[in-house]
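Observations on the model geometry
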Amino acid sequence: MSSKQGGKLKPLKQPKSDKKEYDETDLANLQKKKDEEKAMKDLRAKASQKGSFGGTGLKKSGKK
């Protein structure tokens, strides 16, 4: 009485989506978003070169 159904079930394949047609405002918004992402990436790269802020982190008191 063993069944052949075992293991993971494969997900159903999704139909390929058609290419969307963008108008001028959509293209402008996409370009703006790409520019902002690029600027953020550059800022992150600069910040990672400088190191952490404050340096020491949490200060511990001398008392126990």
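For the structure itself, consult the block above.
My aim in this report is to walk through the structure given alongside it, one point at a time. None of the values given here were measured: they were computed from a predicted structure. (Residues numbered from 1 in each chain as written. Predicted model: local features only at pLDDT ≥ 70, side-chain atom pairs only at ≥ 80, totals over all residues. Heavy atoms only, no water.)

Check the secondary structure of the chain and you find one helix and zero strands. Relative to its 64 residues, the chain shows a buried fraction of 0%. Split by element, the accessible area of the chain, about 7900 Å² in all, is 55% carbon and sulfur. (Helix = DSSP H or I, 4+ residues; strand = E, 2+ residues; numbered from the N terminus. Buried < 20%, exposed > 50% of the residue type's maximum accessible area, 1.4 Å probe, protein only. Areas by Shrake-Rupley, 256 points an atom, 1.4 Å probe, with all protein chains shown as cover.)

Turning to a nonpolar patch on the surface, a few remarks are in order. Among the surface-exposed residues, Tyr-22, Leu-27 and Leu-30 lie close enough to one another that they form a single nonpolar patch of about 290 Å² accessible area. By secondary structure assignment, the location of Tyr-22 is in the segment before helix 1 (24-50). Among the residues examined, Tyr-22 registers a relative accessible area of 45% and is labelled partly exposed. (Patch = residues over 30% accessible without salt bridge, like charges linked within 9 Å, V, L, I, M, F, W, Y side chains within 5 Å. Salt bridge = Lys/Arg side-chain N within 4 Å of Asp/Glu carboxyl O.)

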